[in-house]
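# Results of the structural survey
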2 protein chains.
Amino acid sequence: MSAAPPPVIILVRPQLGENIGKAARAMLNFGLTEMRLVSPRDGWPNPSAGPAASGADIVLANARVYESVAEATADCTHVYATTVRKRGVTKPVVTPEEAARQIRSDVGRSALLFGPERSGLETDDVAVARTILTVPINPEFGSLNLAQAVILVAYEWSKGEALASPPSTEIEPPAPQGELDGMITQLEGMLDEAGFFYPPDRTPVTKRTLRTMLTKPAWSAQEVRTMRGVLSTLAKPRPR
Amino acid sequence: MSAAPPPVIILVRPQLGENIGKAARAMLNFGLTEMRLVSPRDGWPNPSAGPAASGADIVLANARVYESVAEATADCTHVYATTVRKRGVTKPVVTPEEAARQIRSDVGRSALLFGPERSGLETDDVAVARTILTVPINPEFGSLNLAQAVILVAYEWSKGEALASPPSTEIEPPAPQGELDGMITQLEGMLDEAGFFYPPDRTPVTKRTLRTMLTKPAWSAQEVRTMRGVLSTLAKPRPR
């Protein structure tokens, strides 16, 4: 866990309630819960937001509404403006990854500004920010919607948090070499009997090839036992 | 640019055309263009897909339809199954970030499987994959939709594209999935004849265990051929 509080997501003049709901869902997926709305076009609350939030109602219920970007960011120490285009403003430009790193290391609360669906943030909104956040995107097809921009930023932020339960792999350790050897010996015996090793002068190379192949998977002790069962079955078929 | 080709996005039994369109849009934003569809519920083409793609029509126009996951992945050397839940299958689990790194360093073409909107991938779909891809998510609110899962993976993949690191490798790429399937089918046929699959109600689980084991080593085409030679020899011994 980082010391800094999670960032606030600020939607500036969002148009459709549905998109506000989707943004809330995107946030909560990655552990962000504080949403602020600056002058939502259709007022607030908006009946279209809830269904689109797919259960992220807590985010919508706690969302606060402000008149201006300045008011919405008044208690924040670091403001990032999310834009796709370059503006006539000279400020540092960071990727979501870099922004997430900064947010986690910053002291104080960060805010991330997202503009209206069609037009994006105005120059005056961007002016409030200290840093510009731009998602590096296909130069020939840049078409991120609001919730997608939010989810990428939230996702990057969550990477540094413990909340994201690390995928616990339940992979068994490889079998001890002795057990692997037993399996290989069993197979070699069967193949020898079946005339696989021919001509004789190729036998060492062929055996090495087989050993290499069977060493590669790093089968667990259980898997080695399964394979020995397979071999035993093939050696002595007992059709039912 | 990495040496490996961009991954193929495979939507398995997608339900709504709208979601197929959104996935296409998500892909193209980050430079992915090859989509495959396995048994889309409402057939293909689907009139709802285009409007949702917001201009990513090229992805939809080139999308190919397959009857099964096996066919859709037949030419791919690395298959990742995107799931949120843990399955009773022991395979390596990676994050989108780790998957992206692997895909870029792999030799051969990778495929990323995404399941149907509601239910996600079936256990048998997951069995085809070598690796499981899980997005680390809020444990109390995991609600990623299809296009969001696609965009996170595509976004991670695109990050590495600026970085030049040609994989210097003398390792043979894994055999295409279709060749691996052929080998597994051959072994299953032999084991079936030999009475290995007993009792019958355990057969699906046993087959899945074997498939998982044989998918694990990432055998090259040559190695798969060698193993098929082994199997053929054991099936029809010709003692000398």
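Above this note sits the structure.
Residues numbered from 1 in each chain as written. Chains lettered and ligands numbered in written order. Predicted model: local features only at pLDDT ≥ 70, side-chain atom pairs only at ≥ 80, totals over all residues. Heavy atoms only, no water.

### Here's the deal with the overall build of chain A
Each helix and strand in chain A was counted, giving ten helices and seven strands. A compact globule built from 240 residues would reach a C-alpha radius of gyration of about 18 Å, whereas chain A, at 29 Å, exceeds it by more than 25%. With the C-alpha coordinates of chain A rotated into their principal frame, the extents come out at 85 × 45 × 40 Å. Per-residue burial for chain A yields a buried fraction of 49% across its 240 residues. Taking the intrachain contacts of chain A between residues at least 6 apart in sequence as the baseline, contacts between residues at least 24 apart amount to 84%. For chain A, the exposed surface amounts to about 11,400 Å²; the carbon and sulfur share of it is 53%. Placing the 26 positive and 26 negative side-chain charges of chain A at their respective mean positions leaves the two points 5 Å apart. (Helix = DSSP H or I, 4+ residues; strand = E, 2+ residues; numbered from the N terminus. Rg over C-alpha atoms; globule rule 2.2 N^0.38 Å. Buried < 20%, exposed > 50% of the residue type's maximum accessible area, 1.4 Å probe, protein only. Contact = heavy atoms within 4.5 Å. Areas by Shrake-Rupley, 256 points an atom, 1.4 Å probe, with all protein chains shown as cover. Lys, Arg positive; Asp, Glu negative; His and termini not counted. Charge placed at Lys NZ, Arg CZ, Asp CG, Glu CD.)

### Topic: the pairing of strand β1 (residues 8–12) of chain A
Along any regular strand, the residues point their side chains to alternate faces of the sheet. Residue and element names in this part refer to chain A. Burial within β1 is extensive, with five of its five residues counted as buried. Here β1 shows two buried faces, one formed by Val 8, Ile 10 and Val 12 and the other by Ile 9 and Leu 11. Inspection of the sheet shows β1 paired to strand β6 (residues 110–114) by four bridges, in the parallel sense. Looking across to β6, one finds that Ile 9 is bridged to Leu 112. Note that the unit made of β1, helix α1 (residues 17–29) and strand β2 (residues 35–38) has a crossover that is right-handed. (Pairing = 2+ DSSP bridges. Right-handed = clockwise from strand over helix to strand, strands pointing away.)

### Notes on the sheet that holds strand β4 (residues 78–82) of chain B
Residue and element names in this part refer to chain B. Spatially, the seven strands line up as an open sheet ordered β3-β2-β1-β6-β4-β7-β5, and their pairing is parallel. Every interior strand has two partners, whereas the edge strands, β3 (64–66) and β5 (93–94), have only one. Both β5 and strand β7 (residues 131–133) contribute to a ladder of two bridges, which runs parallel. Note that in β7 the partner of Val 94 across the bridge is Leu 133. Against the sheet, helix α1 (residues 17–29) makes contact with β1 (8–12) and β2 (35–38), and its axis sits at roughly 155° relative to β2, the strand it touches most. (Axes fitted to C-alpha atoms, helices over the stretch in contact; angles between N-to-C directions.)

### Describing the pattern of salt bridges
Tallying each qualifying case throughout the model produces 25 salt bridges over all chains. Among the ionic pairs, Lys 159 of chain A bridges to Glu 156 of chain B, the shortest N-O distance being 2.5 Å. Taken as a pair, Lys 159 of chain A in helix α7 (residues 146–159) and Glu 156 of chain B in helix α7 (residues 146–159) lie in two separate chains rather than in one. Assessed through its relative accessible area of 29%, Lys 159 of chain A is described here as partly exposed. (Salt bridge = Lys/Arg side-chain N within 4 Å of Asp/Glu carboxyl O.)

### Here's the deal with the packing of aromatic side chains
Aromatic rings considered in pairs are described by the distance between their centres and by the relative angle of their planes. Scanning the model with the defined rule gives six aromatic pairs over all chains in all. Ring centres of Tyr 155 of chain A and Tyr 155 of chain B lie 6.4 Å apart, and the angle between their planes is 80°; on these two criteria the pair is classed as edge-to-face. Highlighted residues: Tyr 155 of chain A in helix α7 and Tyr 155 of chain B in helix α7, drawn from two different chains. Looking at Tyr 155 of chain B, the relative accessible area reads 2%, which means it is buried. Seen from their ring centres, Phe 196 of chain A and Phe 197 of chain A are 5.5 Å apart, and the 80° between their planes marks the pair as edge-to-face. As far as burial versus exposure is concerned, Phe 196 of chain A and Phe 197 of chain A are alike and both buried. Among the aromatic residues, ring-to-ring pairing joins Phe 30 and Tyr 155 of chain A together with Phe 30 and Tyr 155 of chain B into one connected group. The ring centre of Phe 197 of chain A lies 5.2 Å from the NZ or CZ of Lys 207 of chain A, which sits over that ring. (Phe/Tyr/Trp six-rings, centres within 6.5 Å; stacked < 30°, edge-to-face > 60°. Lys NZ or Arg CZ within 6 Å of the ring centre and 35° of its normal.)

### Describing the packing of helix α9 (residues 203–215) of chain A against helix α10 (residues 221–235) of chain B
For the pair α9 of chain A and α10 of chain B, interaxial distance at closest approach is 11 Å and the crossing angle is 110°. Comparing their axes, α10 of chain B and α9 of chain A come out roughly perpendicular. Packed against α9 of chain A, whose contacting residues are Leu 210, Met 213 and Leu 214 of chain A, the element α10 of chain B presents Glu 223, Thr 226, Met 227 and Val 230 of chain B at the interface. Its residues assigned to classes, the contact of α9 of chain A with α10 of chain B comprises five nonpolar, one polar and one charged. (Parallel < 35°, antiparallel > 145°, perpendicular 65-115°, else oblique. Nonpolar A, V, L, I, M, F, W, Y, C, P; charged D, E, K, R; others polar.)

### Focus on the interface of chain B and chain A
Each side of the interface is counted separately: chain B has 62 residues, and chain A has 63 residues. Interface area for chain B against chain A, summed over the two sides, is near 5,400 Å², with a carbon-plus-sulfur share of 64%. The largest share of the area that chain B buries against chain A comes from Asn 29, Phe 141 and Met 213 of chain B, three residues that together contribute 12% of it. Joining chain B to chain A, the criterion identifies 20 residue pairs in polar contact (both at pLDDT 80 or more). Elements with a minimum of two residues in the side of chain B that touches chain A: α1, α5 (96–105), α7, α8 (177–193), α9 (203–215) and α10 of chain B. Looking at side-chain class alone, the side of chain B that touches chain A contains 34 nonpolar, 16 polar and twelve charged residues. (Buried area = accessible area lost by both parts, 1.4 Å probe. Polar contact = N/O pair within 3.5 Å; in protein donor to acceptor, adjacent residues only side chain to side chain.)

### Comments concerning the sheet that holds β1 of chain A
Residue and element names in this part refer to chain A. Strand order across the open sheet formed by seven strands is β3-β2-β1-β6-β4-β7-β5, with parallel pairing between neighbours. Lying at the two open borders of the sheet, with one neighbouring strand each, are β3 (64–66) and β5 (93–94). Strands β1, β6 and β7 (131–133) of the sheet are contacted by α7, whose axis makes an angle of about 155° with β6.

### Comments concerning the packing of helix α8 (residues 177–193) of chain A against α9 of chain A
Residue and element names in this part refer to chain A. Running from N to C, α8 and α9 cross one another at 135°; their axes reach a closest spacing of 11 Å. Here α8 is positioned oblique relative to α9, judged by the angle of their axes. Taken as a pair, α8 and α9 cross one another with a handedness that is right-handed. Contacts from Gln 177, Leu 180, Asp 181, Met 183, Ile 184, Leu 187, Glu 188 and Leu 191 of α8 reach α9 at Lys 207, Leu 210, Arg 211, Leu 214 and Thr 215. Residue composition of the contact of α8 with α9, grouped by class: seven nonpolar, two polar and four charged. (Left-handed = near helix turned anticlockwise from the far one by under 90°.)

### A look at the side chain of Thr 131 of chain A
Looking at the secondary structure, you find Thr 131 of chain A in strand β7. Apart from residues lying up to four places away in sequence, Thr 131 of chain A is in contact with Val 79, Tyr 80, Ala 81, Pro 92, Val 94 and Gln 102 of chain A.

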